[in-house]
Amino acid sequence: MSQPAAAGASDGQPEASAARTTKEETPASGGKEKPASTIPPLLLPLAARRALASLSEDVSRSRRSRRPEEGRQGRHGRQKRSKRVVTVDSSKAKTSSEALKMCIQQLKWKEFPTGRRLLCDIYWHGVSFHDGEVSCSGQVNKYPGMTELVRKINFSRAVRTMQELFPEEYKFYPRSWILPEEYQNFADQVRVSKENDSSWKPTFIVKPDGGSQGDGIYLIKDSTDVRMLANLRSKPVVVQEYISKPLLIDKLKFDIRLYVLLKSLDPLEIYIAKDGLSRFCTEPYQEPNSKNFHRVFMHLTNYSLNVHSGNFIHSDSVNTGSKRTFSSIVAKLSMRGCDVKKMWSDIITLVIRAIIALVPELKVYHQTYIPPGKPGPTCFQILGFDILLMKNVKPVLLEVNANPSMRIEHEQEISPGLFEYVASPVDEEIKVAIIRDTLRLVDPALKKAQLQQSISAEYSAENEKEEVIEAEAQDRTDNPSNKEQNLAPHCLKQVFPKYSRQFGYLLIVDRIAVLFIRFLGIKGTMKLGPTGFRTFIRTCKLSNSNLSMASVDILYIDIARRWNVIRGDRGESGMCFQAFMEAIFHLAQRRYKTPPLREQVEALVNFCEYQLETQEEKIALYGRGTVDRRPSLAMFQPEGSRSGTVNHMHLLNRVSTSSKLPASSLPTPVDQQLVNSMSSRVTDCSPAASFSPNGWDNLGCRFCRNNRQSCSVIGINDVRSQRVKLTQILHPSVTSYFM
């Protein structure tokens, strides 16, 4: 359409423009244009002609403005849509607001520093999940319960549980005692160790459970040195073995603050930053003794403590000063001849194992505040791992922080008593990159693209859809806003599920958490009631002549009460997840007499999962009523006998009969699901099993390690019945079964 002239042009131009407008807006009929029935423009007054021209210009302008919104033609005739800007609510960001602001500007997203009445895509909280209201469709950078779980006592308990199951894998965490409940145990172990080795002169570090930034931490030599024993009931502490021989740089002790992104719980997705911070003490290190116990600037690496030392150095270089990049330390260690690749591998292993220890109970918290099946926000979180390197460059985990500082400036005294915040180049280089790449990973557009890719893979056979998807990918490439504006490469490296094969066997506690959540009953609760525990025992068929339901009730009351006292929940009833873990350990040791504990617990969990799977199959097969049961029963019937009267008596005698039966085709999808499940049970119980013309060969239970009919995991004689039943379905002509 031609563009109209301005209203202030000569009389001829507006008249022509008005005439074209009248002609275009007249509807066509029969493919021919009808003459306008309106008054000819030349007969209109001058003011009317100018008004008509102005109106035509407004219409053209509005059409031009709508054109980008409606989309322009792209490849394959598809219209390109303008990219929707991601919105971030940073009103609760607190100390990370400056770094977050820089990242949002780099990504060209939209920030709302004072909040927004409408919904945002991402909500950035500074402390916890509960800092503010979050939309059901949005994302929030905190997990519910993470702050509680990484507190020193709760984290020590989580790691200790894993140490009981996998003692060799969890040696990276120092030996710990929780006071006051384990004070006597701590005193006895120290006394016995000193008696056995007179040269052993240990040092212990005492950390308050709710402490942060080095507050309340001190060193001791003996259990009697613990301060204010009478106050431990109200202020519990964790006592750990002190690493007295750390790796030194420039004769100074240092630790590593490594940033880890927990992007997803289910499926578990972990990213580790390729660089971190190295925080140095400000006094040359000496092994602890009675003369230097009180010198915190020598023994404690906390930045919040050492920044007040007169020896603290604020440097604009990442290679010098009291706070440096970890990459600069790696370069120095490499020059010393240290195996930095092995060090990084050990650090990645440490991080994955620590996260695996946290995830089970974190899932319990998650289902409490965001129940499954109900709308709720998606969570992710940046964690701070404090790691110490020993002299042999072996990493040791000190603690995990749910709210690592993301401040990119530090205080500087410009005159006596007057301070101001100035930029910290080291903090900015590390923290801005981590926040920016975290936002890039949780970009809603990226999730949408991944969903489209999964859908396209499912329907990849359709050429037309493939072309559309290819066009969309090309459009995203052509869009300059999607090229990430020449941003630096990602500084976050995915380590899980990338290395899931090496660490999948550690997820046994995660499987126990799934059982616990399943039997909670009421959504939103975190404690298992007595009815739920009894239901768990009955459903999983754990009660027998050696474990009556009365014994189950006594076990529940004993464990639940003790843990309520330990956790300080005296007024609350129910069994918490840690108490449920203790009950599982007790049941496993009672049912399977052969150690180690890991195999006992794994066997019990396998047994419970099998019983639940069997129950679900029965519900799927027979839960639809009598009308739906008949086709399932017909699956075992030969085709020749399906017409007329149905007689199932031969099914009961099939094992003993010697007559060959005609083969039948596999029936309904539900029956096929049963066949697949039964086949997997045979191969799971007997990995070397194979089917021959004479039946099953190489059968032997891997759990009870025998080739008899009974199986202590799946149940008495159930293995044989499942194998026979499967053989009857798949190969009805086979009459001889070698079990």
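Residues numbered from 1 in each chain as written. Predicted model: local features only at pLDDT ≥ 70, side-chain atom pairs only at ≥ 80, totals over all residues. Heavy atoms only, no water.

## Description of the overall build of the protein chain
The test is simple: Strands here are runs of E lasting at least two residues and helices are runs of H or I lasting at least four, both read from the DSSP assignment and numbered beginning at the N terminus. Each residue is placed in one exposure class: buried if its accessible area under a 1.4 Å probe, protein chains only, is under 20% of its type's maximum, exposed if it is over 50%, and partly exposed if it falls in between. Throughout, a contact is declared for two residues whenever any of their heavy atoms are within 4.5 Å. Computed with a 1.4 Å probe, the accessible areas rest on the Shrake-Rupley method; for each residue, only the protein chains presented here act as cover.
Looking only at helices and strands, the protein chain features 23 helices and 23 strands. For the protein chain, buried positions account for 45% of its 739 residues. Considering only contacts in the protein chain between residues 6 or more positions apart, those separated by 24 or more positions represent 66%. Accessible surface, the protein chain: about 38600 Å² in total, of which carbon and sulfur atoms supply 52%.

## Topic: the environment of His366
Within the fold, His366 resides in helix H10 (residues 340-369). Taking relative accessible area as the criterion, His366 reaches 21% and is therefore assigned partly exposed. Setting aside anything within four residues of it in sequence, one finds His366 in contact with Tyr143, Pro144, Leu265, Pro371 and Cys379.

## Some words on the packing of helix H5 (residues 152-165) against helix H18 (residues 577-591)
To keep it simple, the criterion reads: Every axis in this analysis is a line fitted to C-alpha atoms, fitted for helices over the stretch in contact. Angles between the N-to-C directions lie between 0 and 180 degrees. Roughly parallel covers angles under 35 degrees, roughly antiparallel covers those over 145, roughly perpendicular covers 65 to 115, and oblique covers all other angles. Handedness of a crossing follows from how the near helix is turned relative to the far one, being left-handed for an anticlockwise turn of less than a right angle and right-handed for a clockwise one. Polar here means any residue other than Ala, Val, Leu, Ile, Met, Phe, Trp, Tyr, Cys and Pro, which are nonpolar, and Asp, Glu, Lys and Arg, which are charged; Gly is therefore polar.
Two elements in contact, H5 and H18, have axes separated by 12 Å at closest approach and are oriented at 15 degrees. Considering their axes alone, H5 and H18 lie roughly parallel with respect to each other. The interaxial crossing formed by H5 with H18 has left-handed handedness. Side by side, H5 and H18 meet where Ala158, Thr161, Glu164 and Leu165 of the first sit next to Gln578, Met581 and Phe585 of the second. Across the contact of H5 with H18, the residue classes break down as 4 nonpolar, 2 polar and 1 charged.

## Notes on the pairing of strand S12 (residues 252-264)
Applicable threshold: Note on pairing: two strands pair once DSSP finds at least 2 bridges between them.
Where burial is concerned, most of S12 is hidden: 13 out of the 13 residues are buried. Counting the residues between successive antiparallel strands, the hairpin from strand S11 (residues 248-249) to S12 contains 2 residues, one of them, Asp250, with a positive phi of roughly 55 degrees. The pairing of S12 with strand S17 (residues 381-389) spans 7 bridges and is antiparallel. The partner of Arg257 across the bridge, within S17, is Asp386.

## Regarding the nonpolar core
Counted only if it meets this: Throughout, nonpolar core names a set of buried Ala, Val, Leu, Ile, Met, Phe, Trp, Tyr and Cys residues whose side chains join them through atoms within 4.5 Å.
With 107 residues, the main nonpolar core has Met343, Phe385, Leu397, Phe533, Phe536, Met575 and Val601 as its most contacted residues. In terms of residues, this core owes the most to one element, H10, which gives 17 residues. With residues up to four places along the chain from it excluded, the contact list for Phe536 reads Leu515, Phe519, Leu542, Phe580, Ile584, Leu587 and Cys608. If you look at the next biggest cluster of nonpolar residues, it comprises 31 residues, including Leu100, Leu107, Ala273 and Ile435.

## With respect to the packing of aromatic side chains
Keep this limit in mind: When the centres of two rings from Phe, Tyr and Trp lie within 6.5 Å, Trp using its six-membered ring, the rings pair. Their planes under 30 degrees apart give stacked, over 60 give edge-to-face, and anything left gives tilted.
On inspection of all chains with the given rule, the structure shows 17 aromatic pairs. Between Trp177 and Phe186, the aromatic rings sit 4.9 Å apart at their centres with planes inclined by 50 degrees, giving tilted as the arrangement. Each member of the pair, Trp177 as well as Phe186, carries the same accessibility label: buried. Centroid distance Phe186 to Phe204: 5.2 Å. Interplanar angle 90 degrees. Geometry classified as edge-to-face.

## A short note on the sheet that holds strand S4 (residues 110-112)
An order of S4-S3-S5-S6-S16 is seen for the 5 strands of this open sheet, with the pairing classed as parallel. Where the open sheet ends on each side, the last strands, each with one partner, are S4 and strand S16 (378-379). Pairing of strand S3 (residues 87-92) with S4 involves 3 bridges; the strand directions are parallel. Along S4, the bridge assignment pairs Thr87 with Lys110. Most of the contacts of helix H3 (residues 97-107) go to S4, to which it runs at about 150 degrees, and overall it touches S3, S4 and strand S5 (122-125).

## Quick notes on the sheet that holds strand S8 (residues 204-208)
The 4 strands lie next to each other as S7-S10-S8-S9, forming an open sheet whose pairing is antiparallel. Every interior strand has two partners, whereas the edge strands, strand S7 (176-179) and strand S9 (218-220), have only one. In this sheet, neighbouring strand axes are inclined to one another by 30 degrees on average, regardless of whether the strands run parallel or antiparallel. Here S8 runs beside strand S10 (residues 237-241); their pairing, made up of 5 bridges, is antiparallel.

Read these as spatial facts, not as claims about activity.
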